[in-house]
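Structural features, examined
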Amino acid sequence: MTDLNVALDKCSRCKGRLCCNYITQWIETPRSKRDFEFLLWQVAHRGVRCYQDNDGWYLLIETRCTHLGKDGLCGIYDSRPSVCREYDHEWCEFDEPAEKHFKKYFPSYKSLLAYCRKRFKSWGK
Ligand code: SF4
Ligand code: SF4
């Protein structure tokens, strides 16, 4: 099998097409209570999560790419964005969850609130 065929075979088994169903956005490192209040508001919204990895802090927003067809194929494959082209399918989220490499991960309002309470002794006072 060529690399492309290996990728197509693997992706065809990845029913959710994981990498085409979210975006990430770098954010300033939150430091103050106010920063975390703002982050809590963002994470309170459905499909919005937050994490920190070696490159900094990010929002992770679940949203399906408009070019992902019902057949699970990319509708603009030949002209897809460089982010998609550069994505390493040889070892991807299908192989192991991305969060395994996060330093901090807040998949919910509740998890971020617990962190805020621990980090700021005066939280809520
Ligand atoms: S997460 Fe990996 S296996 Fe799934 S569609 Fe993307 S590149 Fe293919
Ligand atoms: S442009 Fe294509 S490869 Fe990129 S996220 Fe959308 S469907 Fe996936």
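Look a little higher up for the structure.
This is a predicted model, so every value here is computed, not measured.

Focus: the site of ligand 2
If you check the shell around ligand 2, you find Cys-20, Cys-65, His-67, Leu-68, Cys-74, Ile-76, Pro-81 and Cys-84 and nothing else. Of the residues contributing to the shell around ligand 2, the split by class is seven nonpolar, one polar and no charged.

Digging into the pattern of salt bridges
Per the counting criterion, the structure on display carries four salt bridges. A salt bridge links Arg-13 to Asp-9, with the nearest nitrogen and oxygen atoms 3.6 Å apart. Placement of the pair is Arg-13 and Asp-9 together in helix 1 (residues 3–13), with a separation of four residues, close to one helical turn. A salt bridge links Lys-10 to Asp-95; the shortest N-O distance between them is 2.6 Å. Of this pair, Lys-10 sits in helix 1 while Asp-95 sits in the loop between helix 3 (82–86) and strand 4 (104–106), and the two are 85 residues apart along the sequence. Judged by its relative accessible area of 9%, Lys-10 falls in the buried class.

Some thoughts on the nonpolar core
Phe-36, Leu-39, Cys-50, Trp-57, Leu-112 and Trp-123 are the most contacted members of the largest nonpolar core, which has 16 residues in total. Elements that contribute at least two residues to this core include exactly helix 2 (33–43), strand 2 (48–53), strand 3 (56–62) and helix 4 (109–119). Apart from the residues lying within four places of it in its own chain, the contact partners of Trp-123 are Lys-33, Phe-36, Glu-37, Leu-40, Leu-113, Cys-116 and Arg-117.

Concerning the sheet that holds strand 4
Taken in spatial order, the four strands of this open sheet run 1-3-2-4, and their pairing is antiparallel. Single-partner strands in this sheet number two, and they are strand 1 (22–27) and strand 4. Here the average twist between neighbouring strands, direction ignored, is 20°. Lying on the sheet, helix 2 is in contact with strand 1, strand 2, strand 3 and strand 4; it crosses strand 2 at an angle near 130°.

Considerations on the packing of helix 2 against helix 4
In contact at an axis separation of 9 Å, helix 2 and helix 4 are set at 165° when each is read in the N-to-C sense. As summarised for this structure, helix 2 and helix 4 are arranged roughly antiparallel, according to the angle between their axes. Between helix 2 and helix 4 lies a crossing of left-handed hand. Contact with helix 2, carried on its side by Phe-36, Leu-39, Leu-40 and Val-43, involves Tyr-109, Leu-112, Leu-113, Tyr-115, Cys-116 and Arg-119 of helix 4 and no other residues of that element. In the contact of helix 2 with helix 4, the residues fall into nine nonpolar, no polar and one charged.

The rules behind each value
- Residues numbered from 1 in each chain as written.
- Chains lettered and ligands numbered in written order.
- Predicted model: local features only at pLDDT ≥ 70, side-chain atom pairs only at ≥ 80, totals over all residues.
- Heavy atoms only, no water.
- Near = heavy atom within 4 Å.
- Nonpolar A, V, L, I, M, F, W, Y, C, P; charged D, E, K, R; others polar.
- Salt bridge = Lys/Arg side-chain N within 4 Å of Asp/Glu carboxyl O.
- Helix = DSSP H or I, 4+ residues; strand = E, 2+ residues; numbered from the N terminus.
- Buried < 20%, exposed > 50% of the residue type's maximum accessible area, 1.4 Å probe, protein only.
- Core = buried A, V, L, I, M, F, W, Y, C linked by side-chain atoms within 4.5 Å.
- Contact = heavy atoms within 4.5 Å.
- Pairing = 2+ DSSP bridges.
- Axes fitted to C-alpha atoms, helices over the stretch in contact; angles between N-to-C directions.
- Parallel < 35°, antiparallel > 145°, perpendicular 65-115°, else oblique.
- Left-handed = near helix turned anticlockwise from the far one by under 90°.

Keep in mind these numbers describe shape, not what the thing actually does.
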